[in-house]
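# Residue-level structure breakdown
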Amino acid sequence: MDVTDYLRRFTPRELAASDGWQPTLETLKALHEAHLIAIPFENLDIHCGQSLCLDEAAIFKKIVLMRRGGICYELNGLFAALLRRLGFRVSLISAGVARDHVHFGPEFDHLALLVHLADGDWLADVGFSSSFRHPLKFEAEVVQAFHDHSYRLHREGAYWIVQRARNSAWESLYRFQLKPHEMHHFAERCRYQETSPESYFTQNLLFTRATETGRITLCDRKLVISSSAERSLCEIQTEEEYRAVLTRHFGITLLPETRLRFYISA
């Protein structure tokens, strides 16, 4: 993996030299937020019949050289590799995603990162579709606010639960235990995500990324642009418009032969 090329993917060119970054909390926060803003969470390959590959070189080619995004295994997997090359100590954490904010999916449903710094551990996640802007300090029940959202890590027995404040209550996003894993441990669940008709990713075509003031999300044909001040929603009517939205908001240019299922006539 070429660290400088990866850094250029989501940081200003003048900051892309790998020797300019030190394994500090300030560096972690800066890289985390910049990654979320520049590189989208997206599952286009699944809808194009292309298998996901968890090999580091393959993910690097897709995200950096082809200027694409990916799902959690790809985004957090590559981000962990970058952090390690910059001198951070990182553990890959297996999580179960909340199904109804009460019940959770199985182990390896999601890949998150635990970054070990001298002053304590931090939960990092650039591969969740509505992730927190900065890493979360690894302390139970401490409210941590970013922009218009507040988060906390709630402890229940052996599980740590990432929760977000909503409508004066806490909704659960995912839960995990502290056992570290290797990338190959996520392969079976990744295969499920891309092939099962019950997987969210086979049912919905999703592109989303953070912006300086909010978030842009395209789920199937619905485009939502939100900020602290306003929220707009519209439905993309034509395939030409859809392609233009992908390029303008997510930096993704579809190949001419790529067909989108909801624009294919019966």
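Refer to the structure presented above.
These notes cover the structure that comes with them.

## Describing the nonpolar core
- Core analysis: the biggest nonpolar cluster contains 47 residues, and Tyr6 and Tyr73 have the highest contact counts within it.
- Counting residues per element, this core draws most heavily on helix α5 (residues 72-85), at eight residues.
- Residue contacts for tyrosine 6: discarding those within four places in its chain leaves Met1, His35, Ile39, Phe60, Val64, Leu75, Leu78, Phe79 and Leu82.
- One finds Ile93, Phe132, Leu136 and Leu153 within the second-largest nonpolar core, a separate group that totals 18 residues.

## With respect to the packing of aromatic side chains
- If you walk through the whole model with that rule in mind, you get 15 aromatic pairs.
- Relative to phenylalanine 176, the ring of tyrosine 174 has its centre 6.4 Å away and its plane inclined at 45 degrees; by these criteria the two rings are tilted. Considered together, tyrosine 174 and phenylalanine 176 belong to a single accessibility category, that of buried residues.
- Ring plane angle 75 degrees and centroid distance 5.2 Å describe the contact between phenylalanine 262 and tyrosine 263, whose orientation is recorded as edge-to-face.
- Here a set of aromatic residues connected by ring pairs shows up, and it is made of Phe128, Phe138, Trp160, Tyr174 and Phe176.

## Here we look at the sheet that holds strand β3 (residues 110-117)
- Pairing in this open sheet of eight strands is antiparallel, and the strands run β5-β4-β3-β2-β9-β8-β7-β6 from one edge to the other. At either margin of the open sheet sits one strand with a lone partner, and together these are β5 (136-137) and β6 (144-146).
- Relative to β3, strand β2 (residues 89-97) runs antiparallel, the two being bridged by seven bridges. Residue pairing for β3: alanine 95 is matched across the bridge by histidine 110.

## Re helix α4 (residues 56-65)
- Of all the residues in α4, the buried ones are Ile59, Phe60, Lys62, Ile63 and Val64.
- Elements in contact with the buried residues of α4: α1 (3-10), α3 (44-47) and α5.
- Its side-chain oxygen placed 3.1 Å from the backbone nitrogen of alanine 57, aspartate 55 serves as the N-cap of α4.
- Positive phi shows up at arginine 67, right after α4, with a value of about 55 degrees.

## Observations concerning the sheet that holds strand β11 (residues 214-219)
- Read from one edge of the open sheet, five strands run β1-β10-β11-β12-β13, paired in antiparallel fashion. Edge strands, defined here as strands with exactly one partner in the open sheet, are β1 (41-42) and β13 (231-235).
- In the sheet, strand β12 (residues 222-227) pairs with β13 via five bridges, with the strands oriented antiparallel. Counterpart to serine 226 in the pairing with β13 is arginine 231.

## What about the packing of α1 against α4?
- Packing of α1 against α4 leaves a shortest axis separation of 10 Å and a crossing angle of 40 degrees. One way to sum up the angle between α1 and α4 is to call them oblique. The chirality of how α1 crosses α4 is left-handed. Facing Asp5, Tyr6 and Arg9 of α1, the residues of α4 in contact are Phe60, Ile63 and Val64.
- A breakdown of the residues in the contact of α1 with α4 according to their chemical character gives four nonpolar, no polar and two charged.

## A few points about the packing of α1 against helix α2 (residues 25-38)
- The contact between α1 and α2 brings their axes to 8 Å, and the two run at 65 degrees. Regarding the angle of α1 to α2, the classification is roughly perpendicular. Each of Tyr6, Leu7, Arg9 and Phe10 in α1 lies in contact with α2, whose residues at this interface are Leu31, Ala34, His35 and Ala38.
- Partitioning the contact of α1 with α2 into residue classes produces six nonpolar, one polar and one charged.

## Description of the pairing of strand β4 (residues 120-124)
- Bridging between β3 and β4 involves five bridges; their strand directions are antiparallel. Bridge assignment links histidine 116 to a residue of β4, and that residue is aspartate 121.
- Between the antiparallel neighbours β3 and β4 lie two residues.
- Across two bridges, the pairing between β4 and β5 is antiparallel. Bridge assignment links tryptophan 122 to a residue of β5, and that residue is lysine 137.

Thresholds applied
Residues numbered from 1 in each chain as written. Predicted model: local features only at pLDDT ≥ 70, side-chain atom pairs only at ≥ 80, totals over all residues. Heavy atoms only, no water. Core = buried A, V, L, I, M, F, W, Y, C linked by side-chain atoms within 4.5 Å. Buried < 20%, exposed > 50% of the residue type's maximum accessible area, 1.4 Å probe, protein only. Helix = DSSP H or I, 4+ residues; strand = E, 2+ residues; numbered from the N terminus. Contact = heavy atoms within 4.5 Å. Phe/Tyr/Trp six-rings, centres within 6.5 Å; stacked < 30°, edge-to-face > 60°. Pairing = 2+ DSSP bridges. Polar contact = N/O pair within 3.5 Å; in protein donor to acceptor, adjacent residues only side chain to side chain. Axes fitted to C-alpha atoms, helices over the stretch in contact; angles between N-to-C directions. Parallel < 35°, antiparallel > 145°, perpendicular 65-115°, else oblique. Left-handed = near helix turned anticlockwise from the far one by under 90°. Nonpolar A, V, L, I, M, F, W, Y, C, P; charged D, E, K, R; others polar.

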